[in-house]
Amino acid sequence: MASLDLEEIRRTITALDSDLLTLLAKRKAIALDVARSKQANPRPVRDQEREQALLERLIIQGKDLGLDAHYITEIYHTILEDSVRSQQVYLQQLVNPENSLPQIKLAFVAETESLFAGIKYINRQGKTLVQWPCKHFQQAIQEVEQGCADTAILPIENTSAGSINEVYDLLQHTRLSIVGEIVVNTEYALYANSELPLTQMSTLYCTPQVAQQSSHFIQQLDNINIVYTLTSAQAAEQVKNDAHAAVICNIEEEFCAELVNIKSHITNQQENLSRFILVARKAINVTSQIPAKTTLVLATGQTAGALLNVLSVFKKYNLIMTKLESRPIQGNPWEEMFYIDLAANLDSPAMAQALAEITPQTQYLKVLGCYPSNEVKATQVPVAQLAKIHHEAELATPEPNSEAHSISLSQLNQEFNLIACATISNEDDFASQAQQLKNAGAQAILINQKAIDSSLSQQGLWQACQQRARALNLLLIIPVQQLHALNHAAKYADLLYVPGDQMHNSELLEQLGRQHRPVILVRAKTANNDNWLSCATTIMEQGNQQVLLCEHGQYQGEHTQLNLMQTCRLKAHTSLPILVHADGDITDNEFLLFNKDLYSLGLNGSIIDTKSNEPQQLQRLGTLSKQVNTLKKHN
Ligand SMILES: O=C(O)C(=O)C[C@]1(C(=O)O)C=C[C@@H](O)C=C1
């Protein structure tokens, strides 16, 4: 038996950790060789096919070593992001040799969020930061314009507070160019000098920016005197001398360590993201090997369709607009200046052509800058591919007497497209529907179970369905309503389906988080995006990262409706796959329109209810399936 001496075990862990670090450093150095090779034979830094293959291989290898797929994926997302960012910095340095100074004097408004974002940005560049605190945004810009500082960092938008208008207005008049961007996730918490029940709190100190991003929490507080301070440090100072006072501030502030945390997670949005831009005197070049953004500011005349004409030029050249903001033109009431971010390099032929075409259509046009995009989107292994890996691992170790395991599932499709819903009460129901649904184009089948025939146990029925589904190369999805049925359902299902009325069942969600099966989590009809995402987090916090969200509509009076805006906002806030399930209330036309809009945003699949086993229903499924596939191909 291995030694149980804690000190000895810890020494082994310490040695292993240091080996891991050595290996990580070696990997990072080799990533720079990759960058050099890509410099010699130019090709994009990012290769997502390579990343997906790498993740799949590691997941398979990890399985043999007893390591969880989610664990491996999380770790490698971090490693790959670092590898991509290091390569980007290296290649950017080559195209901007004049920016080789080892330190950057950074102007920032003396509130902590800008400084924290600035530190992160400069660290990523591998440079040292010299702080240049300023009183306001205009001063930060002036300090750079006059050459006292090299670069200024300015907040431009936040997921709950929206755009920072003052910064947009200043951009109109400055000679500086945007040279970079960074997005940071800021978490705020409530602190006091000692334990303080919320009911005994009388004064709350914080900066106006923090208050704006935590407004939902603050609104719930009764009889509180709110005092705004210029900085969070000043707010914390006040709290030290007042036993009934509290402060809301960024959890990364050093002074938090001396205070008592009263309440965490109090921002309006679960992911409280702020985007900052960096401005400098000289515009930079961006290598074509990395994703770039270009920001324009323009004014069109007040004629019908003027903005639309400009936007249609972007569409013509396939230029993706990531942001559109409008601000009044100073001195010209009710006329607007438009700020547009495009996911494109200023030097690309498409941008050059688009700029040439919009110039005559605008009264004013200025390029504010072209800079590397902050985003390094994590490569996901498609859920169906994970299910395949899982099955193949099962095939390698067959259970005795389990015929299902002798069936190969290697033909499985890589991505979900269409899931059909079969209404069954026995195996024969399933067998006949599964074949027809498969013929109609379904890739997966969701059991909608009526009372089952007494000849079979619940488990027996699921097992039979599993065998039938595998024979047809269909994924099997089993709904889970009750906690006690979960383990059996997980044994036979390829995916588990949590109906909307169970979305808030936290005990069930926690158990699902400990399963190794992908979970389709349906939106409860009364739930908003935040409620829904927090339930998905409950599952993921337990380790299971394979969560798919399924839009099933929301109550609108007595009826259920699909809400396109809500789903679009959700898509912008989560990288989880999103499916849409047509509810009984929703017509096929509504469903198709919804799918059409969402496929362009990257919808991951659709579930269609067949309602019954009638031939005309199956025919309907076939038609819908073809229409959905056509929509998907065209986007
Ligand atoms: O193999 C490459 O092309 C690399 O750039 C290396 C690497 C990695 O770190 O493994 C990093 C980025 C690519 O997207 C794929 C893989």
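An unreviewed UniProt entry lists the chain under the name Chorismate mutase, with Motilimonas cestriensis given as the organism. As stated in UniProt under Pathway (unreviewed entry), the record for the chain gives "Amino-acid biosynthesis; L-phenylalanine biosynthesis; phenylpyruvate from prephenate: step 1/1."

Another point: the UniProt feature "domain: Prephenate dehydratase" (unreviewed entry) in the chain. UniProt marks residues 103–281 with the feature "domain: Prephenate dehydratase" (unreviewed entry), using the numbering shown here. Span residues 103–281 is 28% helix and 36% strand, its end C-alpha atoms 16 Å apart.

Bringing the sheet that holds strand E13 (residues 321–329) into the picture now. Taken in spatial order, the four strands line up as E13-E14-E12-E15 in an open sheet, and their pairing is antiparallel. For this open sheet the edge positions go to E13 and strand E15 (364–372), each flanked by a neighbour on one side alone. Here the average twist between neighbouring strands, direction ignored, is 15°. Pairing of strand E12 (residues 292–299) with E15, which is carried by eight bridges, proceeds in the antiparallel orientation. Across the sheet, the residue bridging to leucine 298 is leucine 365, located in E15. Of the strands in this sheet, E12, E13 and strand E14 (332–342) are in contact with helix H10 (residues 306–316), which crosses E14 at around 5°.

A few words now on a nonpolar patch on the surface. Where nonpolar side chains cluster on the molecular surface, the patch consists of Leu65, Leu67, Tyr71 and Ile75 and spans about 390 Å² of accessible area. Within the secondary structure, tyrosine 71 sits in helix H3 (residues 69–95).

Sheet architecture is open: five strands sit in the order E8-E7-E9-E6-E10, paired in mixed fashion. Two strands close off the open sheet at either side, each with one partner strand: strand E8 (225–228) and strand E10 (260–263). Put simply, the sheet's adjacent strands are angled 35° from each other on average, direction ignored. This element, helix H9 (residues 232–239), spans strand E6 (188–192), strand E7 (203–206) and strand E9 (245–250) of the sheet and lies at about 155° to E9.

Moving on, we get to the domain arrangement of the chain. In terms of domain boundaries, the chain breaks down into domain 1 (25–95), domain 2 (188–263), domain 3 (287–378) and domain 4 (409–633). Opposite the four residues of domain 1 that make contact, domain 4 presents six residues. Per-residue buried area on domain 1 facing domain 4 is highest for Asp68, His70 and Glu74; these three make up 90% of the total on that side. Linking domain 1 with domain 4 are zero salt bridges. Within the side of domain 1 that touches domain 4, the residues separate by chemical class into no nonpolar, two polar and two charged.

All right, on to the site of the ligand then. Around the ligand, a shell composed of 13 residues is seen, among which Arg27, Lys38, Asp47, Glu51 and Ser83 lie nearest. Measuring from an oxygen atom of the ligand, one finds a side-chain N or O atom of arginine 27 at 2.8 Å. At 2.5 Å, a side-chain N or O of glutamate 51 approaches an oxygen atom of the ligand. For the ligand, whose free accessible area comes to 360 Å², the fraction covered by protein is 89%. Elements with a contribution of two residues or more to the shell around the ligand: helix H1 (6–40), helix H2 (48–64) and H3.

Here is what the cut-offs are and how they apply
- Residues numbered from 1 in each chain as written.
- Predicted model: local features only at pLDDT ≥ 70, side-chain atom pairs only at ≥ 80, totals over all residues.
- Heavy atoms only, no water.
- UniProt positions renumbered as here; feature names shortened; annotations may be inferred.
- Helix = DSSP H or I, 4+ residues; strand = E, 2+ residues; numbered from the N terminus.
- Pairing = 2+ DSSP bridges.
- Axes fitted to C-alpha atoms, helices over the stretch in contact; angles between N-to-C directions.
- Contact = heavy atoms within 4.5 Å.
- Patch = residues over 30% accessible without salt bridge, like charges linked within 9 Å, V, L, I, M, F, W, Y side chains within 5 Å.
- Areas by Shrake-Rupley, 256 points an atom, 1.4 Å probe, with all protein chains shown as cover.
- Salt bridge = Lys/Arg side-chain N within 4 Å of Asp/Glu carboxyl O.
- Domains from an automatic or database assignment.
- Buried area = accessible area lost by both parts, 1.4 Å probe.
- Nonpolar A, V, L, I, M, F, W, Y, C, P; charged D, E, K, R; others polar.
- Near = heavy atom within 4 Å.
- Polar contact = N/O pair within 3.5 Å; in protein donor to acceptor, adjacent residues only side chain to side chain.

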